[in-house]
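# Structure assessment
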Amino acid sequence: MTQQHLDDRDHDLLFGEDALEPGDAVVHLEHGLARYDGQMSCDLGDADQILTTFEYRDGGKLMLPAVEGQDFWRFGAPADDLTLDRLKSGDWLKRRDEMIAELRESADHMIEMSRARRAHAARPLLPGPDDQATFASGFAHEPTQDQDRVITTVLQDLALDTPMDRLLVGDVGFGKTEIALRAAAAAALSGHQVIVAAPTTVLARQHLNSFRGRFDQLGIKVAELSRLTPADDYNKTLAGLINGQIKVVVGTQSLLDDDIAFENLALVIIDEEQKFGEDQKDQLRHLVPGLHVLSMTATPIPRSLAAAEVGLVDVSVVATAPKSRKPVETRLGELDHDALLQAIATEVARDGQCYVVCPRVSDVEELEAILRKRGVSFSFAVAHGQMADDEMSQAMLTFMDGKVDVLLSTSIIESGLDNGRANTMVVWHADRFGLSQLHQLRGRIGRSKLPAHMLLMTGIDPDSNAEAATRLNAFCDMSEIGAGFRIARKDRDIRGFGKLDGTDQSGQMSRLGIGLYRHILKHHIKGPAH
């Protein structure tokens with residue numbers, strides 16, 4: 001099991017925390033969940049002492065010497081949103097010990113799984129340097145400093161006989177796909193096979209086009225396995241994987257079908273890993289013994305962050321934006337059909353395309369009826385989860401191919417769509433989306449040199465104290481390049497780390513608090529037993 005150290009920069013991006021403020025929730029190791037009320041210096045005659053004030057339920061208050069990170073920790077949510085503990089009730093100590101035991105059991109299970117996977121030797125992937133350089137020259141842009149650094153790290157991992165298990169975290173549009181392409185090239189150019197797994201058929205089709213565009217020049221076959229794959233092509237791909245003629249296969253959950261076999265599979269790349277279930281990811285990791293695994297995400301799920309910090313997986317962070325990437329102007333507005341149509345008209349007038357995203361299918365149907373009633377001059381396609389898979393995918397691909405001006409959809413478009421002509425997005429009832437979801441949606445635009453605009457339309461008062469208004473205003477403020485890391489941390493604070501070896505995303509951390517959770521986990525992993 002690796003225990004690679006995260007450098008300070010990457011650690012701050014993934015786990016950085018603001019200074020404690022009065023009113024924040026904290027957890028004291030001996031006294032439980034409280035409201036932090038600051039510190040004060042007290043004259044004890046011989047010496048001054050710093051006392052920290054903790055406020056509990058039913059008016060309970062403690063003032064005592066306490067060191068953050070040693071005696072108490074940040075919980076990760078505002079105290080006003082929580083039920084605080086009662087002083088001296090005894091409930092906290094019993095609950096704490098049960099949670100610590102549960103957390104340690106989860107960690108032990110994850111450690112054992114990691115050791116078992118790494119017990120099998122991997123195939124060292126060592127392509128000829130000239131071949132790798134030829135492939136790299138096909139990249140049409142200058143790699144960012146982070147891309148260069150991570151590519152070097154990944155290629156070093158792949159050259160070893162220890163299975164790679166690396167999580168690549170990078171904000172939307174920061175170039176994770178190029179890193180995946182270089183890793184795939186290392187495998188294919190050394191005679192081995194690669195899986196590229198995506199959570200949706202549309203994203204799989206985009207990757208298929210990207211990978212074919214780069215590998216065709218080298219005579220390396222790339223194929224697809226998804227619901228969009230015709231039956232004849234599907235059977236030919238199965239045969240090509242068994243005899244080794246196909247080196248790269250891109251697909252969805254279809255890659256886990258029992259009738260798929262490989263000649264010499266060596267690398268699995270999992271894109272948008274937060275969209276896959278734990279069972280699916282586990283199956284992909286164990287298709288053959290000794291697999292190298294590269295997982296990629298823009299918004300890592302809390303459990304992945306926990307596993308990364310304690311060294312159960314290695315982590316690389318891509319935080320440098322491409323030079324062409326510009327912030328997306330993000331603003332709030334009222335629900336207004338005329339304003340929506342004006343935003344579309346403005347984008348279409350500059351030969352661009354527009355997303356209109358709704359939280360529910362009924363909202364999509366309502367807006368579709370309005371567009372048809374008004375006889376709009378622009379063309380549009382509709383996509384949502386209640387459509388047949390093929391019909392939905394075809395609608396999205398029609399938009400991606402530039403055949404319609406507008407895609408009216410639910411949030412199914414949040415994962416991976418890359419369309420440089422689409423530079424305006426209107427989100428209808430934006431208050432019904434979470435922070436990470438809004439950030440993923442915003443990542444679909446702003447991928448060209450043109451200024452991009454995101455209009456959040458809502459029926460709530462943006463100046464109110466409502467939680468949704470606070471969330472939307474915060475999102476508009478977090479519009480700088482690279483805001484995904486701040487948003488992921490915020491989302492983690494809300495949801496917690498979750499069970500390491502389960503599917504829950506709230507789990508032990510939602511009861512222990514983020515700080516104490518990390519403290520216990522790190523000390524257990526680094527303890528004498530491990």
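Bear in mind that the values here come from a model prediction, so they are computed numbers and not experimental data.

## Some details on unusual backbone geometry
- Of note, the phi angle at Lys 88 is positive, near 55 degrees, even though the residue is not glycine.
- Considering the arrangement of structural elements, one finds Lys 88 in the loop between β5 (72-78) and α2 (91-118).
- One non-glycine residue, Glu 272, adopts positive backbone phi at about 50 degrees.
- Relative to the elements of secondary structure, Glu 272 occurs in the loop between β10 (265-270) and α8 (278-285).
- Judged by relative accessible area, which is 8%, Glu 272 ranks as buried.

## Focus on the side chain of Asp 405
- Locating Asp 405 in the fold gives a position in the loop between α12 (389-400) and β16 (406-409).
- For the buried Asp 405, no salt bridge exists, and the shortest N-O distance to an oppositely charged side chain is 4.9 Å, to Arg 421.
- The residues contacting Asp 405, other than those within four sequence positions of it, are Val 348, Gln 353, Cys 354, Phe 378, Ser 379 and Phe 399.

## Side note on helix α14 (residues 467-477)
- Those residues of α14 lying buried are Ala 468, Ala 469, Arg 471, Leu 472, Phe 475 and Cys 476. Down the axis of α14, the buried set is contained in an arc of 160 degrees. They therefore lie on one face. What points out from α14, more than 90 degrees from its buried face, is the exposed set Glu 467 and Asp 477.

## Let's talk about the sheet that holds strand β12 (residues 314-318)
- Strand order in the open sheet formed by seven strands is β8-β9-β7-β10-β11-β6-β12, with parallel pairing between adjacent strands. At either margin of the open sheet sits one strand with a lone partner, and together these are β8 (221-225) and β12. Strand after strand, the sheet turns through a mean of 20 degrees between neighbouring axes, direction not considered.
- Where strand β7 (residues 193-197) lies against β10, five bridges are found, and the strand directions are parallel. Bridge pairing in β10 links Ala 197 to Ile 270.
- Helix-sheet contacts for α8 involve β6 (165-170), β7, β10 and β11 (292-297), and the interaxial angle to β10 is about 155 degrees.

## Observations concerning empty space enclosed by the protein
- According to the stated counting rule, one finds two cavities of 30 Å³ or more in the structure shown.
- When its volume is computed, the second largest cavity comes out at roughly 40 Å³.
- In terms of lining residues, the second largest cavity is bounded by His 337, Leu 340, Leu 341, Leu 367, Ile 370 and Leu 371.
- Secondary structure elements with two or more residues in the lining of the second largest cavity: α10 (337-349) and α11 (361-374).

## Thoughts on a negative patch on the surface
- A contiguous patch of negative charge, built from Glu 334, Asp 336, Asp 461 and Asp 463, is present on the exposed surface.
- The topology assignment puts Asp 463 in the loop between β18 (453-458) and α14.
- By relative accessible area, which is 71% here, Asp 463 ends up exposed.

## Things to note about the sheet that holds β18
- Sheet architecture is open: six strands sit in the order β13-β18-β17-β14-β16-β15, paired in parallel fashion. Single-partner strands in this sheet number two, and they are β13 (329-334) and β15 (380-383). Each strand of the sheet is rotated relative to its neighbour by a mean of 15 degrees, with strand direction disregarded.
- As defined by bridge partners, strand β14 (residues 353-357) adjoins β16 across four bridges and the pair is classed as parallel. Looking at β16, one finds that Cys 354 is bridged to Val 406.
- Of the strands in this sheet, β14, β15, β16 and β17 (422-428) are in contact with α12, which crosses β15 at around 145 degrees.

## Some words on the layout of surface pockets
- Of the pockets and cavities examined, the largest pocket occupies roughly 1,300 Å³.
- In this structure, the largest pocket is lined by 42 residues; those nearest its centre are His 141, Gly 175, Thr 177, Asp 418 and Arg 447.
- Going through the elements one at a time, α5 (176-188), α6 (201-215), β11 and α12 are the ones with two or more residues in the lining of the largest pocket.
- Ranked by residue count, the leading element in the lining of the largest pocket is α6, at seven residues.
- For the lining of the largest pocket, the class distribution of residues is 13 nonpolar, 16 polar and 13 charged.

## Points about the packing of aromatic side chains
- For the structure on display, the rule yields six aromatic pairs.
- With a centroid separation of 6.2 Å and 20 degrees between ring planes, the pair formed by Tyr 36 and Phe 72 is classed as stacked. Of this pair, Tyr 36 sits in strand β2 (residues 32-43) while Phe 72 sits in strand β5, and the two are 36 residues apart along the sequence. Per residue, the accessibility class of Tyr 36 equals that of Phe 72, and both read buried.
- Of the aromatic side chains, those joined through ring pairs into one cluster are Tyr 36, Phe 54 and Phe 72.
- In this structure, Arg 214 is placed above the aromatic ring of Phe 135, and the distance from its NZ or CZ to the ring centre is 4.6 Å.

## Re the side chain of Thr 53
- As for its position among the elements, Thr 53 is in strand β3 (residues 48-55).
- Sequence-distant contacts of Thr 53, defined by excluding residues within four places in its chain, comprise Arg 35, Tyr 36, Asp 37, Gly 38, Lys 61, Leu 62 and Met 63.

## Regarding the environment of Leu 189
- Relative to the assigned elements, Leu 189 resides in the loop between α5 and β7.
- Once the C-alpha coordinates of Leu 189 and Gln 132 are considered, the two residues, 57 residues apart in sequence, prove to be 7.5 Å apart.

## Some remarks on the nonpolar core
- Among the nonpolar cores identified, the biggest contains 37 residues, and Phe 211, Phe 215, Val 248 and Ile 269 are the most heavily contacted of them.
- Residue assignment for this core shows that the elements contributing at least two residues are α4 (145-158), α5, β7, α6, β9 (246-251), β10 and β11.
- Examining the composition of this core, we find that nine residues originate from one element, α5, more than from any other.
- Not counting chain neighbours up to four residues away, the residues in contact with Phe 211 comprise Ala 180, Leu 181, Ala 184, Val 196, Val 222 and Val 248.
- Core analysis: the second largest hydrophobic core is formed by 34 residues, Tyr 355, Val 427, Leu 438 and Cys 476 among them.

Criteria and thresholds
Residues numbered from 1 in each chain as written. Predicted model: local features only at pLDDT ≥ 70, side-chain atom pairs only at ≥ 80, totals over all residues. Heavy atoms only, no water. Helix = DSSP H or I, 4+ residues; strand = E, 2+ residues; numbered from the N terminus. Buried < 20%, exposed > 50% of the residue type's maximum accessible area, 1.4 Å probe, protein only. Lys, Arg positive; Asp, Glu negative; His and termini not counted. Salt bridge = Lys/Arg side-chain N within 4 Å of Asp/Glu carboxyl O. Contact = heavy atoms within 4.5 Å. Arc of directions from axis to C-beta. Pairing = 2+ DSSP bridges. Axes fitted to C-alpha atoms, helices over the stretch in contact; angles between N-to-C directions. 1 Å grid on protein atoms, 1.4 Å probe; cavity = no way out; pocket = protein on both sides within 12 Å on 5 of 7 lines; lining within 4 Å. Points joined across faces, edges and corners; volume = space filled by probe spheres on them. Patch = residues over 30% accessible without salt bridge, like charges linked within 9 Å, V, L, I, M, F, W, Y side chains within 5 Å. Areas by Shrake-Rupley, 256 points an atom, 1.4 Å probe, with all protein chains shown as cover. Charge placed at Lys NZ, Arg CZ, Asp CG, Glu CD. Nonpolar A, V, L, I, M, F, W, Y, C, P; charged D, E, K, R; others polar. Phe/Tyr/Trp six-rings, centres within 6.5 Å; stacked < 30°, edge-to-face > 60°. Lys NZ or Arg CZ within 6 Å of the ring centre and 35° of its normal. Core = buried A, V, L, I, M, F, W, Y, C linked by side-chain atoms within 4.5 Å.

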